[in-house]
Amino acid sequence: MRWPLVAAVVTGWLRQGPWTVLVLAVFTVASLAAASAPIFDEASDNAVFASRLAAISPTASQGEDVAVRLTASASPNSADQQTAIADLRGVRHLSEPTLGGASVGMESVRPKRWEATVTAGGRALTARLLAVTDPTARLVPVGEAGSDGVWLPEPLATDLGVRAGDTVTYRIDTLGANPDGVAVRIAGVYAVAGSRLPADPPGGAASWAREQRDFPGDTQASTLKAHLLIGDIDTIERLAKASGDRMLWWADAKLTPGTTLVEARTAAREVEEVRRRYLGRMVDAGPVTPRVASGIAQVVADASGTAEAVQRRTRVSGWAALAVGLASVLAIGLLAVRRRRLELRHSVGSGLAPSTVGILWFVEHLVPAVPAAVAGWALARVLVERFGPPGPVTAVSLRPALVAAGLAALAGPVTVAAVAALSAARRVRPAVPVSPRRARPWGLLVIVAAAVAGVGMWGTTQARGVDRVVPMLVFAAAGVLGGTLAVRLASLLKGTTTTDRRPMVVGWLLRRRLAAGGERVLTVVLLATGLGMLVFTVSAVDTVAVNIDDRVATSAGAAAVATIPGSWVLDDQAVNRPPEPKPEDGPAPEGLVPGVRTPPLPAHAALVWRLDATTPYDDGLRDLVVVEPESFLRVADWGRGADLAAARNALRRLATADVSGSKVPAIVVGDPSLARVDDVPVNLAGWNGQMLVIAKLPAFPGLGNRALYVVPDAAMFRHLGRDDPRLRPTGGAPSFARTELWSSTGQRGIDEVVAPRSVDAGLVSTIEQYRQDADYVAARQSRGYELAVAAYLALLAIVALALHADRTAVAARPGDLMLARVGVGRAKVVGARVAELVTLVVVALACAVGGLAVLRPMAARLLDPVPDQVPVLRFGVPASAVGVTLGVAVVAAALAVLLVIVRSSAREEEAFRG
């Protein structure tokens with residue numbers, strides 16, 4: 001091989017004008033497709049992990065949180081505990097451990113007598129011990145404060161008449177305790193939130209509300225937390241030993257903010273190692289068994305499962321994007337051979353072997369492949385960080401992404417070299433012309449593949465991985481049919497003339513050029529595929545997003561829902577439930593109990609009562625839900641789709657329905673047994689009556705796993721009498737209703753209602769918890785990747801039309817010049833070329849619309865992440881999808897027209913040389 005040839009090919013690619021840009025762009029896009037997968041996966045994994053962290057309840061225990069707690073009866077100052085704390089400090093990605101402790105004397109001696117009191121001035125009040133690392137920084141002082149001693153809550157200090165600097169006596173009343181108690185100095189008085197919870201200082205990082213479950217209970221009131229004597233670790237330890245109290249000590253640590261999923265996996269493994277060592281060496285003779293509580297492993301497992309669901313959903317799209325990128329590289333090789341066929345003939349005629357030709361082409365295209373790999377890798381990182389999942393990208397994915405980009409870019413020169421070598425070999429030894437060459441039926445193969453894939457979809461309820469290429473095949477098949485039909489129709493009409501037998505030149509040229517076929521059908525296929533996938537993907541992303549919002553709203557009901565003992569716990573004027581009437585007194589009076597009411601609530605809250613109901617049409621239990629329509633309309637989440645919009649309209653009709661009759665107006669949700677029944681007998685635990693159905697719906701906020709009957713409170717409660725669930729129970733059988741508190745402002749709204757009344761809101765569910773469903777997260781996280789693939793296909797469609805415009809304009813220069821010389825005029829010649837390009841775009845748009853019509857019936861199978869949930873997925877094409885697709889079509893046509901105008905303006909000598 002001559003080295004001047006090598007030197008020429010190394011720099012030759014820079015002298016090829018627009019072709020250089022095209023080669024560099026195709027290699028870059030192939031590298032981008034390869035590099036984006038690992039980067040997207042890591043960003044998605046970290047975004048899923050961050051979302052899972054956000055869903056953790058503010059009051060979650062360490063076993064449910066990304067935290068670790070080591071507990072034991074041994075003091076933090078003991079050798080064993082110091083070793084354990086050192087082990088905890090050695091776990092990567094964990095914060096510095098914080099120490100604490102609480103009295104567990106009463107809990108450890110049950111059912112024996114236990115009393116803990118603080119005495120001053122002859123008055124004794126119950127209180128218990130709590131140790132924190134730095135009480136001064138955690139508490140809000142009331143008045144002056146010192147440094148030594150314990151802190152008393154303001155209500156307790158007021159009742160005892162003491163302040164900072166005074167002395168109180170802490171005494172334990174149980175067997176083996178110090179009977180005289182221990183005198184302890186008051187370091188300060190702290191403010192409380194509510195009755196007994198310490199107030200949080202402004203700007204404090206930690207919240208007492210999150211630690212409330214660690215507080216010891218009151219020794220006299222089993223439903224309340226105790227008043228707390230709070231001090232530092234050493235002070236509380238000395239006080240507990242001197243008084244005979246028993247303490248539970250702990251060391252807490254949390255994942256540091258910004259920890260990635262990979263780092264959290266590392267922390268989870270190391271925490272398990274700490275657990276093994278800690279429990280293996282701890283021999284604790286105290287009242288509490290040593291243990292290690294951590295929810296890191298479970299949170300990581302949950303996030304990993306969701307992340308895997310995201311990857312399953314995007315994996316096919318990623319491979320499809322890479323395949324299209326490599327196909328583009330192959331297309332560049334084929335176009336390069338066709339473009340440089342004279343050069344290939346000269347090389348073969350000069351005696352260069354096909355292998356040498358391949359090596360020269362490899363070296364030539366290796367030069368742009370190197371910057372293309374770097375550019376594709378950098379572009380993948382920028383695009384994922386800017387438009388991808390909101391998770392951090394680290395070296396964990398950047399290194400393999402760079403390797404993948406390099407391999408994809410290397411595939412470019414290898415492919416081009418192989419195509420060039422094969423083409424040179426055919427010219428060295430041309431095939432014997434046994435029979436004329438026939439066009440290969442590639443279009444028929446595309447149609448058959450689309451038909452087989454589409455028919456296979458009808459036998460499934462949900463798309464498998466490979467089924468996600470069905471839309472691309474359908475649009476490609478539509479393009480084949482549309483392009484072929486346009487060519488055949490132009491062939492039939494190319495000879496038509498006007499009534500005066502003089503042809504209209506522009507129309508005549510348009511028909512003749514379309515009738516020539518050739519690359520025009522392939523151009524229509526590429527345009528239809530790119531534009532069709534763009535409109536379908538944008539529509540699919542919008543459809544799935546709306547459907548997920550509706551399903552979350554249907555399941556959650558509102559931003560937060562809490563179960564409470566009854567509405568009467570929120571009512572300062574609650575009426576007691578009347579006693580059961582005696583047989584001699586006759587039946588209980590009908591109608592509302594005098595004075596009963598629904599307690600007033602903030603505008604963001606509403607009460608919902610659920611009762612078990614049955615009908616004679618089905619043996620299963622139903623949820624009869626009693627609501628106040630006006631407040632429920634404000635508080636419930638109504639999603640964005642048509643089904644929940646219908647539910648909201650039905651509830652408005654329910655609010656205006658007649659409630660004075662004997663029949664209760666009702667909305668029936670998800671009960672097929674009442675499909676043809678409007679007057680329904682219904683049985684409750686305290687009432688048998690009739691419902692008048694005003695609407696039958698498939699979905700409604702708060703729909704659980706059984707059918708739902710929604711009735712207005714004004715109509716329902718008047719029939720229940722003493723069984724009205726708003727009455728305060730006074731013994732006897734419990735209420736048969738389950739009371740829920742709904743809030744449109746989330747957990748904060750629930751706390752606003754229940755905290756001032758010290759109500760225990762159990763089973764609080766938030767809408768964010770429902771959003772964490774793995775399939776929902778996968779659908780949300782993958783939409784950016786799917787849109788990127790669709791945009792890439794649309795870009796290829798633009799490039800395909802531009803290449804077709806450039807090639808046909810250059811190839812037709814001599815003919816266009818002759819037409820101009822015989823009097824047709826350059827304007828009409830160029831106009832015919834422009835009309836051809838616009839026609840191809842219009843045909844491709846029509847094919848995209850046809851493909852969309854074919855895909856609509858199978859859209860639910862292709863897109864629905866959870867097919868068995870309601871509301872059902874209904875495919876729709878939003879205005880944004882239409883606008884974006886038309887915009888891309890206009891850009892493609894404008895660019896192609898510009899190329900035609902520029903390339904058709906060549907000088908005559910260039911036309912003759914061509």
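The shown structure was predicted, so the numbers you read here are calculated from the model rather than taken from an experiment. (Residues numbered from 1 in each chain as written. Predicted model: local features only at pLDDT ≥ 70, side-chain atom pairs only at ≥ 80, totals over all residues. Heavy atoms only, no water.)

Draft legend 1. View of the overall build of the chain. Looking only at helices and strands, the chain has 27 helices and 22 strands in total. Counting across all 914 residues of the chain, residues that qualify as buried make up 49%. If you take every contact in the chain between residues at least 6 apart in sequence, the share linking residues at least 24 apart comes to 82%. (Helix = DSSP H or I, 4+ residues; strand = E, 2+ residues; numbered from the N terminus. Buried < 20%, exposed > 50% of the residue type's maximum accessible area, 1.4 Å probe, protein only. Contact = heavy atoms within 4.5 Å.)

Draft legend 2. Structural context of unusual backbone geometry. Put simply, valine 870 and proline 871 share a cis peptide bond, and its omega is 0 degrees. Position of proline 871 among the secondary structure elements: in the loop between helix 25 (859–863) and helix 26 (879–903).

Draft legend 3. Focus on the pattern of salt bridges. Under the criterion given, the structure shown has 33 salt bridges. Where glutamate 270 meets arginine 92, a salt bridge forms, and the shortest distance between an N and an O atom there is 2.6 Å. Of this pair, glutamate 270 sits in helix 8 (residues 261–281) while arginine 92 sits in the loop between helix 3 (79–89) and strand 2 (98–103), and the two are 178 residues apart along the sequence. Several salt bridges converge on common partners, so that one network encompasses Arg610, Asp612, Asp623, Arg706, Arg738 and Glu740. (Salt bridge = Lys/Arg side-chain N within 4 Å of Asp/Glu carboxyl O.)

Draft legend 4. A look at the side chain of glutamine 311. Along the chain, glutamine 311 turns up in helix 9 (residues 296–339). At a separation of 3.3 Å, a polar atom in the side chain of glutamine 311 contacts the side chain of aspartate 45. Beyond its immediate sequence surroundings of up to four residues, glutamine 311 is in contact with Asp41 and Asp45. (Polar contact = N/O pair within 3.5 Å; in protein donor to acceptor, adjacent residues only side chain to side chain.)

Draft legend 5. Spotlight on the nonpolar core. Counting residues in hydrophobic clusters, the biggest one holds 112 residues, and the most contacted among them are Leu94, Ile296 and Leu863. With residues near it in sequence (within four places) discarded, leucine 94 still touches Val68, Leu88, Ala253, Lys254, Leu255, Thr256, Val271 and Ile296. With 35 residues, the next largest nonpolar core counts Ala560, Leu684, Val693 and Met716 among its residues. (Core = buried A, V, L, I, M, F, W, Y, C linked by side-chain atoms within 4.5 Å.)

Draft legend 6. A look at empty space enclosed by the protein. On inspection of all chains with the given rule, the structure shows 3 cavities of 30 Å³ or more. Taken as a whole, the largest cavity holds about 370 Å³ of empty space. For the largest cavity, the lining is made up of 24 residues, of which Ser317, Arg468, Phe536, Thr537 and Glu786 are closest to its centre. Top contributing element to the lining of the largest cavity by residue count: helix 16 (residues 519–556), with 8 residues. Class assignment for the residues of the lining of the largest cavity results in 17 nonpolar, 2 polar and 5 charged. (1 Å grid on protein atoms, 1.4 Å probe; cavity = no way out; pocket = protein on both sides within 12 Å on 5 of 7 lines; lining within 4 Å. Points joined across faces, edges and corners; volume = space filled by probe spheres on them. Nonpolar A, V, L, I, M, F, W, Y, C, P; charged D, E, K, R; others polar.)

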